[in-house]
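Fold and geometry: a report
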Amino acid sequence: MKNEWPLWEVFIRGQHGMSHRHVGSLHAPDAEMAIKNARDVYTRRNEGVSIWVVEAAHIAASSPSDKGPLYEPSNSKVYRHPTFFDIPEDVGAM
Amino acid sequence: MYAQMIKTAGTGVKSPEEMTDQERAFQARIDADEKIEPKDWMPDDYRATLIRQIGQHAHSEIVGQLPEGNWITRAPTLERKAILLAKVQDEAGHGLYLYCAAETLGISRDELTEDLLSGKMKYSSIFNYPTLNWADMGAVGWLVDGAAIMNQVPLQRTSFGPYSRAMVRICKEESFHQRQGYDIMMKMCQGTEEQKQMAQDAMNRTWFPALMMFGPSDKDSVHSTQSMAWKIKINTNDELRQKFVDQTVPQAEYLGLTIPDENVKLNKKTGHYDYSEPDWSEFFEVIKGNGPCNTERLNARNKAWDDGKWVRDGLLAHARKKAARKASAKTAAE
Ligand SMILES: [Fe+2]
Ligand SMILES: [Fe+2]
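Residues numbered from 1 in each chain as written. Chains lettered and ligands numbered in written order. Predicted model: local features only at pLDDT ≥ 70, side-chain atom pairs only at ≥ 80, totals over all residues. Heavy atoms only, no water.

**Some points on the overall build of chain A**
To keep it simple, the criterion reads: Numbering of helices and strands runs from the N terminus, with a helix taken as a DSSP run of H or I at least four residues long and a strand as a DSSP run of E at least two residues long. Each residue gets one of three labels from its accessible area relative to the maximum for its type: buried under 20%, exposed over 50%, partly exposed in between, using a 1.4 Å probe on protein chains only. We call two residues in contact whenever any of their non-hydrogen atoms come within 4.5 Å of each other. Accessibility throughout is a Shrake-Rupley quantity obtained with a 1.4 Å probe, and a residue counts as covered only by protein chains that appear here.
Broken down by element type, chain A carries two helices and three strands. Secondary structure elements in chain A, listed N-terminal to C-terminal, are β-β-α-β-α. The burial tally for chain A puts 27% of its 94 residues in the buried class. A sequence separation of at least 24 residues applies to 42% of the contacts in chain A between residues at least 6 apart. Taken as a whole, chain A presents about 6800 Å² of accessible surface, with 56% of it coming from carbon and sulfur.

Structure below.
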């Protein structure tokens, strides 16, 4: 059996009410150690108030070749953007 | 810098006609300053070169802890000790960011570690020099981190996404490193005659090894041309070295220290400082393993790896046992 500690992806929420953001990865034997290591590796200068760790093997990701089929359709649906609609200036802020 | 003499894989830059469609599309993305991400298609040579470069960069951060670690227990004050400790801890972090970036290219952490420990992969020549007196902590922070910054700042724009992001994090932390070094030098230079002498001695020993960090001139190298086309190398070695000299000479003057090279003077025509080339035969000897501390450094890394084995294995065994217990409790409940 391979004896390398598994890889964990680290997500940190900064202090400004933002969502957690991916900051990098690290190796750790389990989730508890991954959080402890993440604190030392990624928050040495109070970069965050909350840490999530996810074992990298559990992340499902879209593949680059899906780029077209996955994201293309929304480009044709321009009406999803507020700028699609012309609202007269007299109506005021909207 | 921390990645020296990286052998670029391949035979040099291909013309658009020689490239396959995939290679042409790849180069076009790089030319358009798009970032290449791990799952994107990339030429094998780009991948192989990056593994070498990021791997060596990571190893340098890790081995680079040793010369400074040497002084943690002997720092002159508690404050200096805390600062040095924080700096060395940062370097461990830099190594970890970079190892993770290399791993996204398909090499494992253990493989990287084994290649460092066996001597197959190198780390920067600079860390094979000893740190003999406290002023060396000043010289290392000021000159060694200073030289590294020259290279790392442009690398923030490198084409490979994970490498670029690691460089952004690292650069944010580096300026503290250089400033704390210069601060040590200022204190020493404002101290007693003997302390100033220690600072001068550290400068004398560090100057040429710091210039060597940039590597020999590569302005005519086909390998560097390819790496620059891929944007995994941004400037030539000579450009960075000149920039470093230009920045450092006035800083030395402020300290009242003499650069150990009588050829250092401002060239009115070019606007840059002239300087003597370091002794490149010494550099190649150090790279080959014959520097003053090569054996000591590799032994220290090997010892740390071997001594830590029971911890790594024990924690993993514990984690596996815990996971198995959890799984069987779950089946029992069902
Ligand atoms: Fe560093
Ligand atoms: Fe540093």
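Still more to cover.
**Some remarks on the coordination of the iron ion (ligand 2)**
Six octahedral donors around a metal ideally sit at 90 or 180 degrees from one another, while four tetrahedral donors ideally sit at 109.5 degrees. Residues and elements named next belong to chain B. The following threshold applies: For Na, K and Ca the donor cutoff is 3.2 Å, while for all other metals N, O and S atoms count as donors only within 2.8 Å; water does not appear among the atoms, so some sites may look incomplete. Irregular is the label for any site that misses the other tests, which are tetrahedral for four donors with all angles between 85 and 135 degrees, and square planar for four donors or octahedral for six when opposite donors exceed 155 degrees and the remaining angles lie between 65 and 115.
Protein coordination at the iron ion (ligand 2) comes from E91 (OE), D145 (OD), E174 (OE) and H177 (ND1), with a distance range of 2.0 to 2.3 Å. Metal-centred angles of 84 to 171° between the four donor atoms at the iron ion (ligand 2) mark the site as irregular. Donor residues binding the iron ion (ligand 2) come from one chain and are separated in sequence as E-x53-D-x28-E-x2-H. A separation of 3.3 Å is found between the iron ion (ligand 2) and the iron ion (ligand 1), which share E91 as a coordinating residue. Residue E91 is located in helix α4 (residues 78–103), and its partner H177 is located in helix α7 (residues 161–189); the two are separated by 86 residues in the primary sequence. Summarising the burial analysis for this pair, E91 and H177 share the class buried.

**Points about the packing of helix α6 (residues 135–155) of chain B against α7(B)**
Residues and elements named next belong to chain B. What counts, and what does not: Between N-to-C directions, angles cover 0 to 180 degrees, with each direction set by a line fitted to C-alpha atoms, over the stretch in contact for helices. For classification purposes, an angle smaller than 35 degrees is called roughly parallel, one larger than 145 roughly antiparallel, one from 65 to 115 roughly perpendicular, and anything else oblique. When the near helix sits turned anticlockwise from the far one by under a right angle, the crossing is termed left-handed; a clockwise turn instead gives a right-handed crossing. Note on residue categories: nonpolar means Ala, Val, Leu, Ile, Met, Phe, Trp, Tyr, Cys or Pro, charged means Asp, Glu, Lys or Arg, and polar means any other residue, Gly included.
For the pair α6 and α7, the least separation of the axes is 7 Å and the interaxial angle reads 150°. Of the possible angle classes, the one that applies to α6 and α7 is roughly antiparallel. The two elements α6 and α7 meet at a crossing, and its hand is left-handed. Considered class by class, the residues forming the contact of α6 with α7 number 15 nonpolar, ten polar and two charged.

**Looking at the pairing of strand β1 (residues 7–13) of chain A**
All names here are of chain A. The test is simple: We treat two strands as partners when DSSP finds at least two bridges between them.
Counted residue by residue, β1 has five buried out of seven residues, so it is predominantly covered. In the sheet, β1 pairs with strand β2 (residues 21–27) via six bridges, with the strands oriented antiparallel. From the neighbouring strand, V10 faces β2, where its bridge partner is G24.

**Observations regarding the coordination of the iron ion (ligand 1)**
Residues and elements named next belong to chain B. At this site the iron ion (ligand 1) is bound by E61 (OE), E91 (OE), H94 (ND1) and E174 (OE), with donor distances of 2.1 to 2.5 Å. One can describe the donor arrangement at the iron ion (ligand 1) as irregular, given that its four donor atoms subtend angles of 82 to 151° at the metal. The sequence motif formed by the donor residues of the iron ion (ligand 1) is E-x29-E-x2-H-x79-E.

**Let's talk about the layout of surface pockets**
Note the cut-off: A cavity here means a set of points on a 1 Å grid, drawn over the protein atoms and nothing else, where a 1.4 Å probe fits but cannot get out; a pocket is an open set with protein on both sides within 12 Å along at least five of seven lines, and a residue lines either one if it has an atom within 4 Å of a point. Grid points are joined across faces, edges and corners, and a volume is the space filled by probe spheres set on the points.
Approximately 1100 Å³ is the volume attributed to the second largest pocket. Taken together, 31 residues form the lining of the second largest pocket, with A:W5, B:L96, B:R109, B:W305 and B:R312 sitting closest to its centre. Counting residues per element, the ones that place at least two in the lining of the second largest pocket are β2 and α1 (31–42) of chain A together with α4, α5 (109–117), α12 (294–307) and α13 (309–333) of chain B.

**What about helix α11 (residues 280–290) of chain B?**
Residues and elements named next belong to chain B. Our working definition: Arc, as used here, means the arc of the directions from the helix axis to the C-beta atoms.
Of all the residues in α11, the buried ones are W280, F283, V286 and I287. Considered in projection along α11, the buried side chains sweep an arc of 115° and stay on one side of the axis. Opposite the packed face of α11, turned more than 90 degrees from it, sit the exposed residues K288 and N290. Where α11 is buried, its residues meet α8 (193–212), α10 (237–255) and α12.

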